[in-house]
Amino acid sequence: MVKQEKEDKKSVVPLSDLQPGGKGQIAYLQAKGKSQMQKLLSIGVIPGMHVVLVQRFPSYVFKLGHTQFAIDKELARSVYVKITK
Amino acid sequence: MLRDFVKNIGYDDPLEASLSKIEGLLLSDYRISKRSVALLILQEDPDISEAVRNRESAESAKEIFAIAGELKTHYSYPLTYIITERRQREASRISSAATTVTKKGSLGIREAVSSAMMNPFIGGPILLAVMYYGLYKFVGNFGAGVLVDFLEDKVFDHYLNPLVAGLVDKYVPWAMLGDLIAGDYGVVTLGFRYAFAIIMPIVATFFLAFAVIEDSGYLPRLAMLVDQIFKKIGLSGRAVIPLVLGLGCSTMATMVTRTLPTKRERIIATLLLALAIPCSAQMGVILALLESRPLGLIVWLSVIMGVFLVVGYLASKIMPGELPSFYMEIPPLRFPQVSNVLRKTASRMKWYFLEVLPLFMFASVLIWIGKITGIFGFFVRILEHPVRWIGLPSEASVAFLFGFFRRDYGAAGLYDLKTEGLLTGNQLVVACVTLTLFLPCIAQLLMNIKERGMKIGIAMSAFILFFSFSIGWTVSILLSISGLSL
């Protein structure tokens, strides 16, 4: 982990911890395997992007750029976002 | 040493330096730019890495992978991550320079409908409504009812069949050949008639309904809704698309399982399509068989759904491999566009006629050969045993054998038995359950083998043969113990 990320740790939470309507900027990804990481990258879940969580159940739905994506809990846990207002 | 080289070049960016070093080492032609090849190598793309190993000299290949390996040590994240991030940054820069975002107009209703579809409580009733109007009303009543009646009774029975029979009588001297063309199971009287008068209207209305649903953006919303349930049967929500398509034509749906990301998911989906997803042609006849027996229909539906869930659950426990993960874009809802809907329907119909129709004709020929050689009678007699075990009259065994060549033939054979009054309500339900689960039609069997390989395709079919009769037997025993009369 890079130093700066450690400093931000308090306000950085997994996407799965946001409440609906909660906003954040993607800080880093901590996927279980290479293929999990690849999946997230392929839909554009990349550090620096802004997300808004729309829904938590039965799947996680979030806005990213001009589109919406649905992901399961496993993937939502591996996206770390810096909470923004 | 390499690090020194990077510095020598004067780049402050090790990624860029490694790229140009690798580009310089690539001598073969890969049909894409050397830079793309180099980028793919750095991202550890298995196909490109393999190609590079094969086409470059052992020495340069070694050096190339050494550069890639060394570059990795510069970053705390995989190179894919770094490369994607840079691309995204550049794309964002371009797009923000070239576009202006205006306040969006009235998306109120659309967003409300969209979130209703994704709501776990309202989403269920919406799914039922889509199934009821799209499948039952439009495909079932209109396609399988109105259109089939018209084509069968008016076009074939009144016009085409007598015409062909007359021509054959007149010009085909050899009775057996005449039989092949216009006999009870002839290529025209049975093959063409089933393909054009029964299957075509049902499949066409289904494809039309499916295209409307697909184009509206409903399917990804359904996928996110069912993902957690599908995880229990070893699939991700994404698999809902081939499975729903399977309600139209399971053979086509088996081909569409290619869109599933892992081999494990593809095998489980193929098995469930072959076993527990009745295609539209089959469903049309089953609805007709259980027409005036709502209780029977409920028992049939519960058994099939139970089998779907239990077999899926067990398959997911037994099958090794990576667990599925779900990620899908949810595009904005929109009103289906007529041109898209027509284009999708037309391309699926074209596929159907080119790929499946010849198999139907082939099945007619097989039945003809089977009949004149007596092989057919032999198999019918073998099948009579399991058919009797599940409490059905031996006459039903013909229907089951035909069911293998075409699932709907089998169901239609049972329909004849029903109209002759040979089957009780309980027997009808047992027959419908067994026939739904029974071996897929020959087209689907061939597709299973083509998509999943000989070993898995055959093993699956053997399992289904055994399993369908076991479930039929169980249902028949349970019904007689419970004293229910459906």
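Residues numbered from 1 in each chain as written. Chains lettered and ligands numbered in written order. Predicted model: local features only at pLDDT ≥ 70, side-chain atom pairs only at ≥ 80, totals over all residues.

(A) Summary view of the overall build of chain B. Counting secondary structure elements, chain B contains 23 helices and 1 strand. When its C-alpha atoms are laid out on the principal axes, chain B stretches across 90 × 55 × 50 Å. When the 486 residues of chain B are sorted by exposure, 41% land in the buried category. Long-range pairs, those at least 24 residues apart, make up 73% of the contacts in chain B between residues at least 6 apart in sequence. (Helix = DSSP H or I, 4+ residues; strand = E, 2+ residues; numbered from the N terminus. Buried ≥ 20, exposed ≤ 12 C-beta atoms within 10 Å, placed from the backbone. Contact = placed C-beta atoms within 7 Å.)

(B) Molecular detail of the overall build of chain A. Summing up its helical and strand segments, chain A has 3 helices and 6 strands in all. Going through the 85 residues of chain A one by one, you find that 38% of them count as buried. Restricting to contacts in chain A with at least 6 residues of sequence separation, those with at least 24 account for 59%.

(C) How the structure looks around the nonpolar core. All names here are of chain B. Among the nonpolar cores identified, the biggest contains 145 residues, and Val 240, Leu 272, Cys 432 and Val 433 are the most heavily contacted of them. Considering every element that reaches this core, the biggest residue donor is helix α10 (residues 187-216), with 20 residues. Counting contributing residues, this core receives three or more from each of domain 2 (123-279 + 326-354) and domain 3 (356-482). By size, the runner-up hydrophobic cluster in this structure holds 12 residues, among which are Leu 19, Leu 42, Ile 64 and Leu 71. (Core = buried A, V, L, I, M, F, W, Y, C linked by C-beta atoms within 7 Å. Domains from an automatic or database assignment.)

(D) Broad picture of helix α18 (residues 375-389) of chain B. All names here are of chain B. Its 15 residues give α18 an end-to-end C-alpha distance of 22 Å, which sits within 8% of 21 Å, the value for a rise of 1.5 Å per residue. Along α18, the sharpest change in direction is near 25° and occurs at Leu 383; proline Pro 386 comes one to four residues later. Positive phi shows up at Gly 391, right after α18, with a value of about 80°. (Expected span 1.5 Å × (residues − 1). Bend = angle between axes of the 7 residues up to and from the residue.)

(E) Region of the structure containing the interface of chain B and chain A. Across the contact, 21 residues belong to chain B and 24 residues belong to chain A. Taken together, the residues of the side of chain B that touches chain A sort by class into 11 nonpolar, 7 polar and 3 charged. Note: strand β5 (residues 67-71) of chain A against strand β1 (residues 327-330) of chain B, 4 bridges, orientation antiparallel. Within the sheet, the bridge partner assigned to Phe69(A) lies in β1(B) and is Glu329(B). (Nonpolar A, V, L, I, M, F, W, Y, C, P; charged D, E, K, R; others polar. Pairing = 2+ DSSP bridges.)

(F) Spatial organisation of the environment of Leu437(B). Topologically, Leu437(B) is positioned in helix α21 (residues 425-437). When neighbours within four sequence positions are excluded, Leu437(B) is seen to be in contact with Leu275(B), Ala276(B), Val307(B), Ile464(B), Phe467(B), Ser468(B) and Ile471(B).

(G) Inspection of the sheet that holds strand β3 (residues 50-55) of chain A at higher detail. Spatially, β1(A)-β6(A)-β2(A)-β3(A)-β4(A)-β5(A)-β1(B) is the arrangement adopted by the 7 strands of the open sheet, whose pairing is antiparallel. The open sheet terminates on both sides in strands that have one partner only, identified here as β1 (12-14) of chain A together with β1 of chain B. Strand-to-strand twist in this sheet, taken as the mean axis angle between neighbours without regard to direction, amounts to 40°. With 4 bridges connecting them, β3(A) and strand β4 (residues 60-64) of chain A associate as antiparallel partners. Residue pairing for β4(A): Val51(A) is matched across the bridge by Leu64(A). Packing against the sheet, helix α11 (residues 218-232) of chain B makes contact with β4 and β5 of chain A together with β1 of chain B, and its axis sits at approximately 140° to β1(B). (Axes fitted to C-alpha atoms, helices over the stretch in contact; angles between N-to-C directions.)

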